[in-house]
Amino acid sequence: MKEFLLLFRRDFINKEVQPDNKEYVAHLDRWHEWFESLAAQDRLATPPQHWDMKGKVVKANKSVTNGPYVEIKESIGGMIIIKANSYEEAAEIAQGCPILEFGGNVEIRKATPANGE
Amino acid sequence: MEERALLPRLFRTEYQKIVSVLCSLFGIKHIEIAEDIVSDTFLSAAEHWNTKGVPENPTAWLYTVAKNKTKNYLKHNNIFEQKLMPDLKAGADQSEEIELDLSTKNIADSQLAMIFTICNPVISGDAQIALALNLLCGFGVQEIADAFLTNKDVIYKRINRAKEKLKEANIRIEQPSLSEIDQRLETVLTTLYLLFSEGYYSTSQDTMLRKDLCAEAMRLSYLLVENPATNKPAVNALLALMCFHSSRFDARLNEKGEAILYEDQDESLWDKELIATGEYFLNQAASGNTLTKYHLEAGIAYWHTQKADTPQKWESILDLYNSLLILEYSPIAALNRTYALAKARGKQAAIAEAEKLDLTDNQFYYSLLGTLYTDIDNSIALAHFKKALSLATSPVDKATITANIDRLSNHG
């Protein structure tokens, strides 16, 4: 088994694509169910963490701005590290991720040893 | 009859106490000398009590004789003296006479120190359990061999190798400092948990022996709870877990020693007193801010002491298994979580989750699928039970699966 980083992104700003309250509660339930299901399949390399929605962004001129990130269309919703045998398997797992429900996406990266592979 | 049973009983309770005190005094290097002195004490007891009758206070008699034998050993054994004296604990001046302190407090302190010595990661888990049974619980090599379903030679070698390793590593017999207790305690709890499981889940047919193992694991856990330094939430949680499980000990086997499934158990055979004791320790465990796997497992075991199938029961068990799996994955927890999911959310939801587990070398995986498919698609259920039967090895498991196959075939 190799480790893969799954990075969740979506547009949290544009009002037209945001879930309403009821949808949001159901959406959170599905996140929980997804994590629990991955835990039961022994797919979690590290325990999932919760991330706040405040955030800061540091730009090239070293200026620091607080979120929300008007200039960044999609921001990070969270990340996990999973265990999978291949990119294909990792992608299959990512297809079940609730971030996709509201136009989000998942970026996948495989962990490699320090000496490269 | 009473008198003949007395000595073995005292051997079980007192042997380990005196050995612990002597080991604490002498150090791990001289563990055999400690064992010799105590064995010799019991030999004297057997001879004297046989001819002159049992003394009024047999325990006090044993302690006095052990003290004298220790003194004599120190006095008459020159080589021994040269070897041992440098190792004796500080405060014991060479010229001073060694007095063996067999007070209740020193016994408890010595036993606690011995628990930490034996539950040391330098020796393997199996060896820790064997050594704990031998030195902390007064079990003979034959009894330990019976518990592990192996022969005396294997256990004898395992115990001696473990002792050698402790000596080589020069492990000090002492209670850990307050700052390292949490870390050291983790290993101790793992060993006590394994010791209990050995008794509870062993396939040995000897029910008395298995109960003894569980009782000893509980006694040692209680020793930790009684000492303020080791009375930690995790220890209380482990003790609660053991109480809840033990409460069903008599209900889960029939007269032939066959397993009775949880759902078919006679609730009136559950030990209410042990359940209440478990609840007490579970409440004691609910302090501090670390949630250990013992807390979660004790919570799951608590809900199993409530026989009625309420939605709250299965939602709670499901939540606890989810947390447990995130803390520490195990195939059996994943399977049990899926069963709880079926109880809480229905079989269809559970089947979808079960098929993702893909534990294709695990008989319990197929038994679970068989159970989930029963009444949904009995031919698929039957195929799963047959697969489970082909993987099962123990007679108890085979009988349980065969009963399921028969039930489905008759209805089919």
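Below is a short write-up of the structure. (Residues numbered from 1 in each chain as written. Chains lettered and ligands numbered in written order. Predicted model: local features only at pLDDT ≥ 70, side-chain atom pairs only at ≥ 80, totals over all residues. Heavy atoms only, no water.)

**Here we look at the interface of chain B and chain A**
Stage number 1. Opposite the ten residues of chain B that make contact, chain A presents ten residues.
Stage number 2. A combined buried area of about 880 Å² lies between chain B and chain A, and 60% of that area is made up of carbon and sulfur atoms.
Stage number 3. For the interface between chain B and chain A, the tally reads zero salt bridges.
Stage number 4. At the boundary of chain B with chain A, the tally comes to two residue pairs in polar contact (both at pLDDT 80 or more).
Stage number 5. By residue class, the composition of the side of chain B that touches chain A is five nonpolar, one polar and four charged. (Contact = heavy atoms within 4.5 Å. Buried area = accessible area lost by both parts, 1.4 Å probe. Salt bridge = Lys/Arg side-chain N within 4 Å of Asp/Glu carboxyl O. Polar contact = N/O pair within 3.5 Å; in protein donor to acceptor, adjacent residues only side chain to side chain. Nonpolar A, V, L, I, M, F, W, Y, C, P; charged D, E, K, R; others polar.)

**Concerning the sheet that holds strand β4 (residues 75–84) of chain A**
Residue and element names in this part refer to chain A.
Stage number 1. In space, the three strands of this open sheet follow the order β4-β1-β5, with antiparallel pairing throughout. Among the strands making up the open sheet, the edge pair consists of β4 and β5 (105–110). On average, adjacent strands in this sheet sit at an angle of 20° to one another, irrespective of strand direction.
Stage number 2. Looking at chain direction, strand β1 (residues 2–10) and β4 are connected through nine bridges and run antiparallel. Note on β4: the bridge partner recorded for L7 is M79.
Stage number 3. Contacts from helix α1 (residues 21–40) reach β1 and β4, with the element oriented near 20° to β4.
Stage number 4. The sheet contacts of helix α2 (residues 87–94) involve β1, β4 and β5, and relative to β5 the element is tilted by about 155°. (Pairing = 2+ DSSP bridges. Helix = DSSP H or I, 4+ residues; strand = E, 2+ residues; numbered from the N terminus. Axes fitted to C-alpha atoms, helices over the stretch in contact; angles between N-to-C directions.)

**Some remarks on the packing of helix α5 (residues 104–118) of chain B against helix α9 (residues 181–201) of chain B**
Residues and elements named next belong to chain B.
Stage number 1. At their nearest, the axes of α5 and α9 sit 9 Å apart, and the two run at 80° to each other. Between α5 and α9, the angle is such that the two are roughly perpendicular. Residue-level contacts link I115, F116 and T117 of α5 to R184, L185 and V188 of α9.
Stage number 2. Residue composition of the contact of α5 with α9, by class: four nonpolar, one polar and one charged. (Parallel < 35°, antiparallel > 145°, perpendicular 65-115°, else oblique.)

**Points about the pairing of β1 of chain A**
Stage number 1. In this sheet, β5 of chain A lies alongside β1 of chain A in antiparallel orientation, the contact comprising six bridges. Each residue of the ladder has a partner; that of L6 of chain A, found in β5 of chain A, is I108 of chain A.

**So, the packing of aromatic side chains**
All names here are of chain B.
Stage number 1. Counting across every chain of the model gives 21 aromatic pairs over all chains.
Stage number 2. Pairing Y222 with F281 gives two aromatic rings, centres 6.3 Å apart and planes at 75°, and the pair type is edge-to-face. Within this pair, whereas Y222 is found in helix α10 (residues 207–226), its partner F281 is found in helix α12 (residues 272–285), the two being separated by 59 residues in sequence.
Stage number 3. Directly above the aromatic system of Y200 lies the positively charged group of R252, at a separation of 3.7 Å from the ring centroid.
Stage number 4. Lying over the aromatic face of F249, R252 brings its terminal NZ or CZ to 5.0 Å of the ring centre. (Phe/Tyr/Trp six-rings, centres within 6.5 Å; stacked < 30°, edge-to-face > 60°. Lys NZ or Arg CZ within 6 Å of the ring centre and 35° of its normal.)

**Brief notes about the environment of G278 of chain B**
Residues and elements named next belong to chain B.
Stage number 1. Relative to the helices and strands, G278 is located in helix α12.
Stage number 2. For G278 and A237, which are 41 residues apart along the polypeptide, the C-alpha to C-alpha distance reads 8.6 Å.
Stage number 3. For G278, the contacting residues outside a window of four places in its chain are A240, C243 and F244.

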